[in-house]
Amino acid sequence: MTSMPRTKILGTGMYVPKKIVTNFDLEKTLDTSDEWITERTGIKERRISSTTGGEFPTDMAKYATEEALKNAGLDRNDIDLILFATVTPDMPLPCSASILQTKLGITNHCACFDLSAACSGFVYGLDLADSYIKTGKAEHVLVIGSEMLSTVVNWKDRSVCILLGDACGATILGRSGDTDESDILATHLSADGTGKEYFDNPIGGAVAPLTVEHIAKREHFMHMKGRDMFKVATRTLAKNTRTVLKKADIQMENVDWLVPHQANIRIINTTVSILKFDINKTVINIEKYGNTSSATIPVAFHEAIMENKIKRGQTVVFSAFGAGLTSGSIVFKY
Ligand code: UT7
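Source: prediction; values computed, not measured. (Residues numbered from 1 in each chain as written. Predicted model: local features only at pLDDT ≥ 70, side-chain atom pairs only at ≥ 80, totals over all residues. Heavy atoms only, no water.)

Caption draft 1: Quick peek at unusual backbone geometry. P94 follows L93 through a cis peptide bond whose omega is -5°. Its location among the elements puts P94 in the loop between strand 4 (81–85) and helix 4 (96–104). Each neighbour pair has its own omega, and for G324 with L325 the value is -20°, a cis peptide bond. Assignment of secondary structure puts L325 in the loop between strand 12 (315–322) and strand 13 (326–333). One non-glycine residue with positive phi stands out, namely K276, at about 50°. Here K276 is to be found in the loop between helix 9 (265–274) and helix 10 (286–289). Accessibility expressed as a relative area gives 75% for K276, which makes it exposed. (Helix = DSSP H or I, 4+ residues; strand = E, 2+ residues; numbered from the N terminus. Buried < 20%, exposed > 50% of the residue type's maximum accessible area, 1.4 Å probe, protein only.)

This is the structure in structure tokens:
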């Protein structure tokens, strides 16, 4: 009897825009302060993409993928599926995954599609990639989380704009070797559409196509009910982490690293304390990049590997939460 294939994260990469915008920079244009932002969110600075080219979501994804391919020891044409998680695609059509395929010079006509699940998009992508690999439908899946949130944020809305930034993380998944322990042990995805108005951007789709009036009234940006999001986020991140660990029959104390979505340092601290987990084993980089939606987890994960924190053989949990209200957790042996 042949056993089920195991899924391994073969390589990771990231790209963040060159331009740094600090809290002190925001003080100059908004009624806010470094003190307020630091205390309430943990964010000190964020990266903002160039609007003249070279740092659009698929550009960032190209650089991040090239690094991931190098780390995985793979050729670009080894990729046979691209899943591009984003709420800020390069354009409405075609999908960013196809644009990325061309930018990478992939000529094998691999399947490409975008995935819209907000901040949970990357974890949703990993779950899909795991299924494709375990069923033998794909050999090497590229999962991207890439966002240029600076284009959809109202820079006059101090309650939202101070939180967000631009970034991209890339991960390539494939099969584990026969003697290799690496595997995605369990995944748990969920959503609660009843909270959809907590974080939305209702203008610009089929229901309300963009008009000059919308633009004049600055209605075409994202809106967030911060306090409502905060409460659900802490509950959901902790609950999903427990659920995924139960599915995999792993105790919290046997987890080596938790990589949570980076939305607010207070959300991370509260989640860690509900889980009675060690904050020193929690990957946190929110101070440098803010909330970059689907990119927070792959960027934090890649940095932790590069800093020699997360090592092969260790047990890692990702837990994400976002608009929709989507959420997802995943536990794997790296
Ligand atoms: O990735 C999706 C997940 N994202 C989230 O889940 C985000 C969750 N929410 C949050 O992170 C927090 O709710 C925020 C950071 C958005 C807001 O923090 P808060 O502690 O909940 O503040 P608040 O909304 O209760 O506002 C407190 C005060 C208000 O003033 P008053 O009414 O007390 O006079 C706000 O007007 O802080 C004011 N305020 C600000 N002051 C200075 C709001 N934003 C700012 C600001 N600078 N940037």
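Caption draft 2: Structural view of empty space enclosed by the protein. Under the definition given, this model contains 1 cavity of 30 Å³ or more. Reported here for the largest cavity is a volume of approximately 30 Å³. Among the residues forming the lining of the largest cavity, the class breakdown is 4 nonpolar, 4 polar and no charged. (1 Å grid on protein atoms, 1.4 Å probe; cavity = no way out; pocket = protein on both sides within 12 Å on 5 of 7 lines; lining within 4 Å. Points joined across faces, edges and corners; volume = space filled by probe spheres on them. Nonpolar A, V, L, I, M, F, W, Y, C, P; charged D, E, K, R; others polar.)

Caption draft 3: Here's a closer look at the side chain of S96. Within the secondary structure, S96 is located in helix 4. One polar contact links the side chain of S96 to the main-chain amide nitrogen of D90, over a distance of 3.1 Å. With near-sequence residues (within four places) excluded, S96 lies in contact with T58, F84, P89, D90 and D114. (Polar contact = N/O pair within 3.5 Å; in protein donor to acceptor, adjacent residues only side chain to side chain. Contact = heavy atoms within 4.5 Å.)

Caption draft 4: Focus on a positive patch on the surface. A cluster of like positive charges, contributed by R40, R227, K231, R235, K239 and R266, occupies part of the molecular surface. Sorting elements by how many residues they give to the positive patch places helix 8 (residues 226–248) first, with 4 residues. Residue placement: R266 occurs in helix 9. (Patch = residues over 30% accessible without salt bridge, like charges linked within 9 Å, V, L, I, M, F, W, Y side chains within 5 Å. Areas by Shrake-Rupley, 256 points an atom, 1.4 Å probe, with all protein chains shown as cover. Salt bridge = Lys/Arg side-chain N within 4 Å of Asp/Glu carboxyl O. Lys, Arg positive; Asp, Glu negative; His and termini not counted. Charge placed at Lys NZ, Arg CZ, Asp CG, Glu CD.)

Caption draft 5: Just the packing of aromatic side chains, in detail. A complete count under the given rule lists 6 aromatic pairs for this structure. Summarising the aromatic geometry, the rings of F301 and Y334 are spaced 5.5 Å apart at their centres and angled 85° between planes, so their arrangement reads as edge-to-face. Of the two residues, F301 is situated in helix 11 (residues 296–306) and Y334 in the segment after strand 13; the sequence distance between them amounts to 33 residues. Cation over ring: R312 sits above Y334, and NZ or CZ is 3.9 Å from the ring centre. (Phe/Tyr/Trp six-rings, centres within 6.5 Å; stacked < 30°, edge-to-face > 60°. Lys NZ or Arg CZ within 6 Å of the ring centre and 35° of its normal.)

Caption draft 6: Just the environment of L10, in detail. Position of L10 among the secondary structure elements: in strand 1 (residues 7–15). The class for L10 is buried, based on a relative accessible area of 19%. Along the primary structure L10 and C95 are separated by 85 residues, whereas in three dimensions their C-alpha atoms are 25 Å apart. Among all residues touching L10, those that are not within four sequence positions of it are N71, A72, L74, H140, I172, L173, G174, R175 and R312.

Caption draft 7: Expanded view of the sheet that holds strand 7 (residues 166–175). Overall, mixed pairing links the 5 strands, which are arranged 1-7-6-4-5 in an open sheet. The sheet terminates laterally at strand 1 and strand 5 (111–115), the two strands that pair on one side only. Taken pair by pair, the neighbouring strands of this sheet meet at an average axis angle of 15°, ignoring direction. Sheet topology note: the strand 6 (residues 141–148)/strand 7 ladder contains 8 bridges and is antiparallel. The partner of I144 across the bridge, within strand 7, is A170. The strands touched by helix 3 (residues 57–72) within the sheet are strand 1, strand 4, strand 6 and strand 7, with strand 1 carrying the most contacts at an inclination of about 135°. (Pairing = 2+ DSSP bridges. Axes fitted to C-alpha atoms, helices over the stretch in contact; angles between N-to-C directions.)

Caption draft 8: View of the site of the ligand. Around the ligand there are 22 residues in total, and T32, R40, R227, N264 and N291 lie nearest to it. R158 is positioned such that a nitrogen or oxygen atom in its side chain is 2.9 Å from an oxygen atom of the ligand. In this structure, an oxygen atom belonging to the ligand sits 2.7 Å away from a side-chain N or O atom of N264. In the complex, the protein chains occlude 76% of the 960 Å² of accessible area that the ligand would expose alone. In a pocket analysis with a 2 Å cut-off to the grid points, the ligand is assigned to the second largest pocket. For the shell around the ligand, the secondary-structure elements that each account for two or more residues are helix 2 (34–41), helix 6 (158–161), helix 8 and helix 9. (Near = heavy atom within 4 Å. Sits in = over half its atoms within 2 Å of the grid points.)

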